[in-house]
Amino acid sequence: MSSVSSDNGKNEEFELNIVPIIDCFTVLIAYLLLSASFLSLAAFDVGVSVSGEGAIAEDQLKDPPLVLTVKMIDNKRLELQVVGGKDQINEKFPITSLAGNSKWNIPELKKKLDELKKKFPKIGDVSVTADASVIYKDIIQVIEGVKPSYSKVFLAGGNENKVQQ
Amino acid sequence: MNLQITSMADIFVILLVFLLKSYSTSIVNLSPSDTNKLPEASVESTIKETLKVEIVQNSVLVDQKEVLRLKDFEFNGETFVGDVSEKLLQALKEQRKPNPIPNMESNLLVMADERTPYATLEKVLASAAQAGFVDLQLVVINPE
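Summary of the structure given here. Quick caveat: nothing in here was measured; it's all calculated off a predicted structure.

Secondary structure assignment for chain B yields 3 helices and 8 strands. Listing each helix as α and each strand as β along chain B from the N terminus yields α-β-β-β-β-β-β-α-β-α-β. Over its C-alpha trace chain B gives a radius of gyration of 20 Å, far above what one expects of a compact globule, namely 15 Å for 144 residues. Summarising its shape, the C-alpha atoms of chain B cover approximately 75 × 40 × 30 Å along the three principal directions.

Here it is, written out as structure tokens:
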């Protein structure tokens, strides 16, 4: 409480009225609570690879890039395929599912990716593709497993020349 | 009876400071739709503000406007050329118009529900790639 001296020398006491301040605070807090987002969002940076007919550069014909494809198959199976390079490599590495087809074998995937990174150091791009019924949550899980080994990941974005059934 | 509101004022000040601190003034509304359940993943990358495409149970939204109808995450009666939807392609190309030409923006925010099947996602991505959006940010909930 503060006091003010008046003209005749007597001190007058007054109280600060905080009711209007509480009114403002109530309105502000209500608005901010309604507009607040309490989710912590983050994002994976991926590219899109679209297959289709197109011209291939001459230098790529002579020395095709080495591409690793991670295929997500129904029944939670994975298949890693390394294709390309000067030696025309085409190797497949299947990974079985965990717990009787109920879980993706992400630890084995990470282990296999590290092995492939040592065996084929020239692998540049990793493409992730999946069967039609595989859900997005599982795709994110696999991308999360691939990212520590290969930062550049592409999602296969369909075929622009595919005939629509 | 005098009501003691000094304590309430203290609480309100603290609440207000906290909410003001977390208040965001970004141009892009990054809150997912009510029905959109984003997948969880641990990732350190931050989100860049860019055009947003949202895939929810019954529609595909571009910048919060419905462009395509879905039925339980699957396309129902929409026409495609290959895997590309003309409607979605046009909607994405429209988003380039307000920006100065040439608009080389290739970033796209994708907020898809975790239950979205790959068949649907594939078509949306093919349309986005055709419109020139080849650098995607797949939005997830960071549990940490």
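Moving on, we come to the nonpolar core. Within the largest apolar cluster, 67 residues are counted, with the highest numbers of intra-cluster contacts made by L109(A), L92(B) and L138(B). Counting residues per element, this core draws most heavily on helix α3 (residues 118-130) of chain B, at 7 residues. Counting residues in each nonpolar core, the second largest holds 9 residues, with L32(A), I5(B), A9(B) and F12(B) among its members.

The partner chain A presents 46 residues to the 56 residues of chain B that form the contact. Between chain B and chain A, roughly 4200 Å² of surface is buried when both sides are summed, and carbon and sulfur atoms account for 68% of that area. When the buried surface of chain B facing chain A is broken down by residue, L19(B), Y118(B) and L138(B) rank first, second and third, together holding 18% of it. If you look at where chain B meets chain A, you find 0 salt bridges. Counting the contacts that link chain B with chain A gives 13 residue pairs in polar contact (both at pLDDT 80 or more). The greatest single-element share of the side of chain B that touches chain A, amounting to 10 residues, is contributed by helix α1 (residues 6-22) of chain B. Along the lines of polarity and charge, the residues of the side of chain B that touches chain A split into 37 nonpolar, 9 polar and 10 charged.

Let's shift gears to α3(B). Residue and element names in this part refer to chain B. Over its 13 residues, α3 runs 18 Å from end to end, which matches the ideal 18 Å to within 8%, given 1.5 Å per residue. For α3, the buried fraction is high: 11 of the 13 residues fall into the buried class. The set of residues buried in α3 consists of Y118, T120, L121, E122, K123, V124, L125, A126, S127, A128 and A129. Where α3 ends, the next residue or the one after it, G132, has phi of about 95 degrees, a positive value.

Here is what the cut-offs are and how they apply
Residues numbered from 1 in each chain as written. Chains lettered and ligands numbered in written order. Predicted model: local features only at pLDDT ≥ 70, side-chain atom pairs only at ≥ 80, totals over all residues. Heavy atoms only, no water. Helix = DSSP H or I, 4+ residues; strand = E, 2+ residues; numbered from the N terminus. Rg over C-alpha atoms; globule rule 2.2 N^0.38 Å. Core = buried A, V, L, I, M, F, W, Y, C linked by side-chain atoms within 4.5 Å. Buried < 20%, exposed > 50% of the residue type's maximum accessible area, 1.4 Å probe, protein only. Contact = heavy atoms within 4.5 Å. Buried area = accessible area lost by both parts, 1.4 Å probe. Salt bridge = Lys/Arg side-chain N within 4 Å of Asp/Glu carboxyl O. Polar contact = N/O pair within 3.5 Å; in protein donor to acceptor, adjacent residues only side chain to side chain. Nonpolar A, V, L, I, M, F, W, Y, C, P; charged D, E, K, R; others polar. Expected span 1.5 Å × (residues − 1).

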